[in-house]
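# Structural features, examined
Each chain, letter by letter, is given below.
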Amino acid sequence: MVLSKIASQTDVSIHSTFASRYVRNSLPRFKMPENSIPKEAAYQIINDELMLDGNPRLNLASFVTTWMEPECDKLIMDAINKNYVDMDEYPVTTELQNRCVNMIAHLFNAPLGDSEAAVGVGTVGSSEAIMLAGLAFKRKWQNKRKAEGKPYDKPNIVTGANVQVCWEKFARYFEVELKEVKLREGYYVMDPAQAVEMVDENTICVAAILGSTLNGEFEDVKLLNDLLVEKNKETGWDTPIHVDAASGGFIAPFLYPELEWDFRLPLVKSINVSGHKYGLVYAGIGWVIWRSKEDLPEELIFHINYLGADQPTFTLNFSKGSSQVIAQYYQLIRLGCEGYRNVMENCHENAMVLKEGLEKTGRFNIVSKDNGVPLVAFSLKDNKRHDEFEISEMLRRYGWIVPAYTMPADAQHITVLRVVIREDFSRTLAERLVLDIQKVLHELDTLPAKVNAKLAVAVEENGKNGTVKKTALETQREITAYWKKYVSDRKINQTQIC
């Protein structure tokens, strides 16, 4: 006799996930549900919502790696449950990090002896790396001032206004004055001469950017070093340099090996680089390397023994995954210098393809430089009717995420679009992007002007009423301010709890 039974409500495994009550009823969004749900339903609910995210491969705003080889993906998943900080339990992982530190230090021409180990650490990203480097500079400066019997309560850092926001975070979190060299139209990086002029006895370091976030340009670190050497001689100070090579650290050694920006320059005391950018690893890994042990104050290093052995640690966080460290080591030995050189050359060539395609439209000014991070930053030659923010918005219809933004002070009136060329951005995609930009331009040409037309009318009315007529620059600044507020308001509305 065959026994049979009617499936009860608890026999959820035999039901179709989409037919079950778990996907037919809404789940609470901001409180934990009272009851459990089947794993299949939980997966489907989350997976369905994530489909609304953008495609990472088409996110041209980001410098962060979005593709790695399947073999490396497997290594990452195999190590997903390893806590990197457990060095005594995972000694091989610790050894791999040390190998990465030494490989990168040699890549940056650190003055190491034959058997001398490099001084550095893996971090969550360049933001943490910059925090650690900044703390080392601050503590070393404070120690020197204390020994000389001088005040040590007003440290400052000199940077360009083009620095990434992590420098502003460091300054605010750790109470360091940020002295910024303003930009100007046509010159969107820190001017070394102006930077050196701003240096005083309280300057803990000057931060140079190897690969500006705004337009990919390399700042002239060698000129900065030479000028600062002279100022140090004149004043008796010993103001050092930190190089923020988050984007350019894995590019310059392979595309521009003769460029002097690293530890070949005597005042460069530390360098940070993002492994998850052109180090070709998924998000979550950065590196900071010091020139020598003397440049990292010993009192900043903690020693713990409650994980099984004495372990030195110099990080802002404690626990973190091991996967990204392992992935970085994979890329360094898998690609070697030859592989990294090929990848960077390919990225640069694809950037030139995109640049030439945009120039052929006759509608854009190219703001980025040919030498630097492989990206293309560009702005409209004529944005009286439509501007860069509208192009950015309309490109999303084709799946592309291309950011539009304004330059920092004193070039706020300049608005640009930026496309970052990563390893997985092929020539075919570059050519397709140009075609889609042309479609957007054609569509915009058929549409009435939006904000700009209203502002033009307002300017004209002001003239009729006897008020002073605004210049084209003032009008453009009003347009830029309007769009910044418009984009900001949209973001707020999209994130409001309803």
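Since this is a predicted model, take the numbers as computed values, not measurements.

So, on to the sheet that holds strand β13 (residues 415-420). As summarised here, the arrangement of the four strands in space is β10-β11-β13-β12, forming an open sheet in which the pairing is antiparallel. Strands with a single pairing partner mark the edges of an open sheet, and in this sheet they are β10 (364-366) and β12 (404-406). Between one strand and the next, the sheet's axes are offset by a mean angle of 40°, whatever the strand orientation.

Let us look at the side chain of asparagine 215. Looking at the secondary structure, you find asparagine 215 in the loop between β4 (203-209) and α8 (221-235). Take asparagine 215: its relative accessible area is 1%, and that puts it in the buried class. A distance of 3.2 Å separates a polar atom in the side chain of asparagine 215 from a polar atom in the side chain of glutamate 217. Setting aside its immediate chain neighbours within four residues, asparagine 215 contacts Tyr188, Val189, Val367, Ser368, Lys369, Leu375 and Ala377.

This brings us to the UniProt feature "modified residue: N6-(pyridoxal phosphate)lysine" (unreviewed entry) in the protein chain. The sites that UniProt annotates as "modified residue: N6-(pyridoxal phosphate)lysine" (unreviewed entry) are Lys277. Inspection of the secondary structure puts lysine 277 in the loop between β6 (268-274) and β7 (286-290). Excluding residues within four positions of it along the chain, lysine 277 makes contact with Phe63, Val64, Thr65, Ala246 and Ser247.

Let us now look at unusual backbone geometry. Along the chain, alanine 409 connects to aspartate 410 via a cis peptide bond; the corresponding omega equals 0°. Structurally, the position occupied by aspartate 410 is in the loop between β12 and β13. At glutamate 175, a residue that is not glycine, the phi angle is positive and equals roughly 55°. Counting through the fold element by element, glutamate 175 comes out in the loop between α6 (165-173) and β3 (177-181). Here glutamate 175 falls in the exposed class, since its relative accessible area comes to 66%. Not every positive phi belongs to a glycine, and leucine 280 is a case in point at roughly 70°. Along the chain, the position of leucine 280 falls in the loop between β6 and β7.

Now for empty space enclosed by the protein. The full count for this structure, using the stated rule, is two cavities of 30 Å³ or more. There is about 60 Å³ of room inside the largest cavity. The wall of the largest cavity is formed by Phe63, Thr65, Thr66, Trp67, Lys277, Tyr278, Leu280, Arg422, Glu423 and Asp424. By volume, the second largest cavity amounts to about 30 Å³. Going through the elements one at a time, α5 (126-147) and β6 are the ones with two or more residues in the lining of the second largest cavity. Residues of the lining of the second largest cavity, tallied by class, amount to four nonpolar, one polar and two charged.

This part covers the sheet that holds β7. As summarised here, the arrangement of the seven strands in space is β1-β7-β6-β5-β4-β2-β3, forming an open sheet in which the pairing is mixed. In the strand order of this sheet, the two ends are held by β1 (119-123) and β3, each with one partner. Averaged over all pairs of adjacent strands, the angle between strand axes in this sheet comes to 20°, irrespective of strand direction. Packing against the sheet, α6 makes contact with β2 (156-160), β3, β4 and β5 (241-244), and its axis sits at approximately 145° to β3.

With that settled, consider the packing of aromatic side chains. For the structure shown, the criterion picks out eight aromatic pairs. When the centroid spacing of 5.4 Å and the interplanar angle of 35° are considered together, the rings of phenylalanine 170 and phenylalanine 174 count as tilted. Residue classification places phenylalanine 170 among the buried residues on the basis of a relative accessible area of 0%. Phenylalanine 174 gets classed as partly exposed once you look at its relative accessible area, which sits at 22%. One aromatic cluster is present, formed by Phe250, Phe254 and Tyr340 through successive ring pairs. Seen from the ring of tyrosine 152, lysine 146 lies directly overhead, with NZ or CZ sitting 4.9 Å from the centre. A cation over a ring is seen here: arginine 184 above tyrosine 187, with NZ or CZ 4.5 Å from the ring centre.

Here helix α4 (residues 91-107) crosses helix α10 (residues 323-361) at 50°, and the two axes come no closer than 9 Å. What the angle tells us is that α4 and α10 run oblique. For the crossing formed where α4 meets α10, the hand is left-handed. Of the residues in α10, those touching α4 at Thr93, Leu96, Gln97, Arg99, Cys100 and Met103 are Val325, Ile326, Gln328, Tyr329, Leu332 and Ile333. Of the residues in the contact of α4 with α10, the class split is eight nonpolar, three polar and one charged.

A turn of α-helix holds 3.6 residues, and therefore any two residues three or four places apart point the same way. Residues Cys166, Trp167, Phe170 and Ala171 constitute the buried set of α6. Here the buried residues of α6 occupy an arc of 140° about the axis, which is enough to place them on one side. Opposite the packed face of α6, turned more than 90 degrees from it, sit the exposed residues Arg172 and Tyr173. The residue sitting at the N-terminus of α6 and contributing the capping side-chain oxygen is glutamine 164; that oxygen lies 2.9 Å from the backbone nitrogen of cysteine 166. Among the residues trailing α6, glutamate 175 stands out with phi positive, at a value near 55°.

Reading the values: the criteria
- Residues numbered from 1 in each chain as written.
- Predicted model: local features only at pLDDT ≥ 70, side-chain atom pairs only at ≥ 80, totals over all residues.
- Heavy atoms only, no water.
- Pairing = 2+ DSSP bridges.
- Helix = DSSP H or I, 4+ residues; strand = E, 2+ residues; numbered from the N terminus.
- Axes fitted to C-alpha atoms, helices over the stretch in contact; angles between N-to-C directions.
- Buried < 20%, exposed > 50% of the residue type's maximum accessible area, 1.4 Å probe, protein only.
- Polar contact = N/O pair within 3.5 Å; in protein donor to acceptor, adjacent residues only side chain to side chain.
- Contact = heavy atoms within 4.5 Å.
- UniProt positions renumbered as here; feature names shortened; annotations may be inferred.
- 1 Å grid on protein atoms, 1.4 Å probe; cavity = no way out; pocket = protein on both sides within 12 Å on 5 of 7 lines; lining within 4 Å.
- Points joined across faces, edges and corners; volume = space filled by probe spheres on them.
- Nonpolar A, V, L, I, M, F, W, Y, C, P; charged D, E, K, R; others polar.
- Phe/Tyr/Trp six-rings, centres within 6.5 Å; stacked < 30°, edge-to-face > 60°.
- Lys NZ or Arg CZ within 6 Å of the ring centre and 35° of its normal.
- Parallel < 35°, antiparallel > 145°, perpendicular 65-115°, else oblique.
- Left-handed = near helix turned anticlockwise from the far one by under 90°.
- Arc of directions from axis to C-beta.

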